[in-house]
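Now for the letters of each chain:
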Amino acid sequence: MKSFKEFNIVNILTWVLIILTFFLVIKFNWQRRWLYYHGSKFHGSLTFSLIGQIKLIAGGYTGFMGNLMEFVRVNPPIFKFWMAGDLFIINSRPESVEILLEELIAIRTFRIWLHPKFFWELSSFSKEMHKLSRITLDFTEQVVWFRHPKYLSNSWNVFRNVLEETQIMMITASETTALVLSFTLLVLGIHTEVQEKICAELDSIFGSSTRDATLEDINRMDYLERVMKESMRLLPPIPMIVRFLDKDVKIDQHVFPKRSSLLVPILHMNRRPELWDDPLTFNPDRFLPEQSKNRPRCAYIPFSFGFRNCIGLQYGMISVKAILSTFLRRYEVGSVNYKSIADIEMIFTELAKPKDNCEILLKSRN
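Residues numbered from 1 in each chain as written. Predicted model: local features only at pLDDT ≥ 70, side-chain atom pairs only at ≥ 80, totals over all residues. Heavy atoms only, no water.

Looking up the chain in an unreviewed UniProt entry gives the name p450 domain containing protein, with the organism given as Asbolus verrucosus. For the record of the chain, the UniProt heading Cofactor (unreviewed entry) holds the text "heme". (UniProt positions renumbered as here; feature names shortened; annotations may be inferred.)

Encoded structure:
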């Protein structure tokens, strides 16, 4: 009799669990009905939303960029895919990218089971990230205190805002600046004729002087700036950006639904033949005013666009121009591993980086 009661209790608990799970699934999908409805209006494969396009990240860091570029290439400019229950809408149309961006960590990306916040916080990666964040925050506090001790006497909110903005500038500017420098030097090693044109421009500014560049000098480096822009077009340090939509955005016949993620494939847009003539050819003169005037504003957004664009854009450009102008006045750059830009294979971590080392040949100009 006792075992019979136990059996009944087990049955009851099992059915309660099944019914509860059923209602939770219904509730979950009912709350997401807006996503399903508008998501169905976009072109894209009918994959199960909780699995989605896992094949995109099947190759990890090394294969992701190639998988994504091919995935975007064979689909229309605007299409959708599902990944671990999230709706992503890829948009490579500059006109609508501009509207959406105005409206509106790598390990975790490639490990789907870490997407839920609960599991992420339990992981060793999260603990390591918090540890590293604390180190960078401590360093930033010292910098702010040393440079502007007056902020310590202000309210905590003021100090925190200054601290956060400074931390963003220090972290993002250092990594992206290093990548832009590396990519540009790689390109100059391949295209020595471009390198000589830069040197001619620098000679017209500095002559035989070895003085440091001033802001006035930097503002005169028009050709060097175009070379940097063309380098970032073909080898963008930020190959894509993702924005979470907190409201519906209607553009033409499309409704980009609230709670979906907009993915803008910058690398793909930078190589679209509809936007760029002979897109794989390195041509800095694409960025001459007369050639840029009819180009959509969001055809070229290496540092995003709108309210959430890079706050260190101008600082980064000035820094790279100052470093490159100093470097190229002293050294001639040659390529080691690459004969063309097409040979440079990139991998995606939190940013895009060369798969192989950024090795260059240096020869003194003196």
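S.K.: Could you give an account of the packing of aromatic side chains, with specific residues and numbers?
M.R.: Within the structure shown, the criterion is met by 5 aromatic pairs. Relative to Tyr300, the ring of Trp276 has its centre 6.3 Å away and its plane inclined at 80°; by these criteria the two rings are edge-to-face. With a gap of 24 residues between them, Trp276 in the loop between α12 (266–269) and α13 (289–292) and Tyr300 in the loop between α13 and α14 (313–330) connect regions that are remote in the sequence. Classification of Trp276 by relative accessible area gives buried; the value is 1%. Members of the aromatic cluster, joined through ring pairs, are Trp276, Phe287 and Tyr300. (Phe/Tyr/Trp six-rings, centres within 6.5 Å; stacked < 30°, edge-to-face > 60°. Helix = DSSP H or I, 4+ residues; strand = E, 2+ residues; numbered from the N terminus. Buried < 20%, exposed > 50% of the residue type's maximum accessible area, 1.4 Å probe, protein only.)

S.K.: Hey, could you go over the sheet that holds strand β3 (residues 241–244) for me, with residue numbers and the actual values?
M.R.: Spatially, 4 strands are ordered β1-β2-β6-β3 in an open sheet, and the strand pairing comes out mixed. Edge positions in the sheet fall to β1 (78–83) and β3, since each of these pairs with one other strand and no more. Across the sheet, the axes of successive neighbouring strands diverge by a mean angle of 25°, strand direction being ignored. Relative to strand β2 (residues 86–91), β1 runs antiparallel, the two sharing 6 bridges. When the sheet's bridge partners are listed, Phe79 is paired in β2 with Ile90. (Pairing = 2+ DSSP bridges. Axes fitted to C-alpha atoms, helices over the stretch in contact; angles between N-to-C directions.)

S.K.: How would you explain the pattern of salt bridges if you had to name every residue and give the values?
M.R.: With the rule as written, the count across this model stands at 8 salt bridges. Close ionic contact of Glu225 with Lys321 constitutes a salt bridge, the shortest N to O distance being 2.9 Å. One end of the pair, Glu225, is in helix α11 (residues 222–234); the other, Lys321, is in helix α14, with 96 residues separating them in the sequence. Take Glu225: its relative accessible area is 25%, and that puts it in the partly exposed class. Put simply, Glu230 and Arg233 hold a salt bridge, and the shortest N to O gap is 2.8 Å. Taken together, the positions of Glu230 and Arg233, both in helix α11 and 3 residues apart, correspond to about one turn of that helix. What you see here is one network of salt bridges that share partners, running through Glu225, Lys229 and Lys321. (Salt bridge = Lys/Arg side-chain N within 4 Å of Asp/Glu carboxyl O.)

S.K.: Give me the lowdown on helix α9 (residues 192–206), citing residues and values where you can.
M.R.: Look at α9: 21 Å from first C-alpha to last across 15 residues, which is about the 21 Å you get at 1.5 Å a residue. Here α9 has its buried residues at Val194, Gln195, Ile198, Cys199, Glu201, Leu202, Ile205 and Phe206. Along the axis of α9, the buried residues cluster in a sector spanning 160°; they form a single face. Of the residues trailing α9, Gly207 is marked for its positive phi of about 65°. (Expected span 1.5 Å × (residues − 1). Arc of directions from axis to C-beta.)

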